[in-house]
Amino acid sequence: MNEKNIYLVFSNTGTILSKCIYLYTKDKYVHVSISFDDSFEKMYSFGRIYPSIPFIGGFVKENLKDGVYKRFENSKCVIYKVSISNNQYNLLKEELNKFINSDKKYGYNLIGLLGVAIQRPIKRNNRYFCSEFVSQLLINSNIYNSDKCPSLIKPSDLLEINHKEFIYEGFINNYKNSMEELIS
């Protein structure tokens, strides 16, 4: 069976929202993104649309070298590689393309975060928070199973994926610098 790799990037930028989420969850990483290559120049999630404006959120294409991660240079992360089948990969790409092709219709599910806090799912049409989005993609692609619905899944829940391989943990800047040194 041929396998493909995807990457899960868990992070904590230290923004006001991430600090609020941390106060409730005490989880080290409060944001999750998914990437299809190890350059991390295209990661997908739900978060700030504009790095300098915290109040406008939605479906975002992130980059470890730019955007929020450039603005908040002391962001920490842990990165895992997950090997999946070609069929799972194709399903995942298909699921993601639904978001990419209609990216403007999606918004951030801030109210859904309150649902996680009270353990009652608050699902809103075309609204997601990061782990709700990533878990839904992974569940719909037969990569991840959970007893929880995506509207209650935190980034730390996704750390339970069994078939993952540790890649890196530390400051994002240190990872970026070490990658640039490898390329030079």
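In this text the structure is predicted, and so the values were computed from the model without any measurement.

Caption draft 1: Representation of the packing of aromatic side chains within the structure. Applying the stated criterion across every chain yields a total of 19 aromatic pairs. A ring pair is formed by F46 and Y128, whose centres lie 5.2 Å apart and whose planes are at 50°; its orientation type is tilted. Placement of the pair is F46 in strand 3 (residues 43–50) and Y128 in strand 7 (residues 127–128), with a sequence separation of 82 residues. In terms of burial, F46 and Y128 fall into one category: buried. Within the aromatic cluster, the residues linked to one another by ring pairs are F36, Y44, F46, F59, Y89, F99, Y106, Y128 and F133. Over the face of the ring belonging to Y128 we find K123, whose NZ or CZ atom lies 3.8 Å from the ring centre. It is K164 that lies over the ring of Y80; its NZ or CZ is 5.2 Å from the centre.

Caption draft 2: Main features of the pairing of strand 5 (residues 76–85). When you tally the buried positions in strand 5, you get eight out of ten residues, the bulk of the element. The sheet contact formed by strand 1 (residues 3–12) and strand 5 spans ten bridges and is antiparallel. Within strand 5, the position partnered with L8 by the bridge is Y80. Pairing of strand 5 with strand 8 (residues 164–171) involves seven bridges; the strand directions are antiparallel. For I79, the partnering residue across the bridge sits in strand 8 and is Y168.

Caption draft 3: Quick peek at the packing of helix 1 (residues 16–25) against helix 4 (residues 110–118). Helix 4 packs onto helix 1 with a crossing angle of 15° between their chain directions and a minimal axis gap of 11 Å. Classed by the angle they form, the pair helix 1 and helix 4 counts as roughly parallel. Crossing of helix 1 against helix 4: the hand is right-handed. Between helix 1, through L17, I21 and Y24, and helix 4, the contact on the second element is made entirely by L110, L113, V116 and A117. Here the contact of helix 1 with helix 4 is built from residues that sort into seven nonpolar, no polar and no charged.

Caption draft 4: Structural context of the sheet that holds strand 3. Within the open sheet, the six strands sit side by side as 4-3-2-1-5-8. Their pairing is antiparallel. Across the chains shown, the open sheet's two edge strands, defined by having one partner strand only, are strand 4 (53–62) and strand 8. Strand-to-strand twist across the sheet, computed as the mean angle between neighbouring axes with direction ignored, equals 30°. Pairing of strand 2 (residues 31–35) with strand 3, which is carried by two bridges, proceeds in the antiparallel orientation. Counterpart to I34 in the pairing with strand 3 is Y44. Where helix 5 (residues 130–140) meets the sheet, it contacts strand 1, strand 2, strand 3 and strand 4, and its direction lies at approximately 40° from that of strand 2.

Rules used throughout
- Residues numbered from 1 in each chain as written.
- Predicted model: local features only at pLDDT ≥ 70, side-chain atom pairs only at ≥ 80, totals over all residues.
- Heavy atoms only, no water.
- Phe/Tyr/Trp six-rings, centres within 6.5 Å; stacked < 30°, edge-to-face > 60°.
- Helix = DSSP H or I, 4+ residues; strand = E, 2+ residues; numbered from the N terminus.
- Buried < 20%, exposed > 50% of the residue type's maximum accessible area, 1.4 Å probe, protein only.
- Lys NZ or Arg CZ within 6 Å of the ring centre and 35° of its normal.
- Pairing = 2+ DSSP bridges.
- Axes fitted to C-alpha atoms, helices over the stretch in contact; angles between N-to-C directions.
- Parallel < 35°, antiparallel > 145°, perpendicular 65-115°, else oblique.
- Left-handed = near helix turned anticlockwise from the far one by under 90°.
- Contact = heavy atoms within 4.5 Å.
- Nonpolar A, V, L, I, M, F, W, Y, C, P; charged D, E, K, R; others polar.

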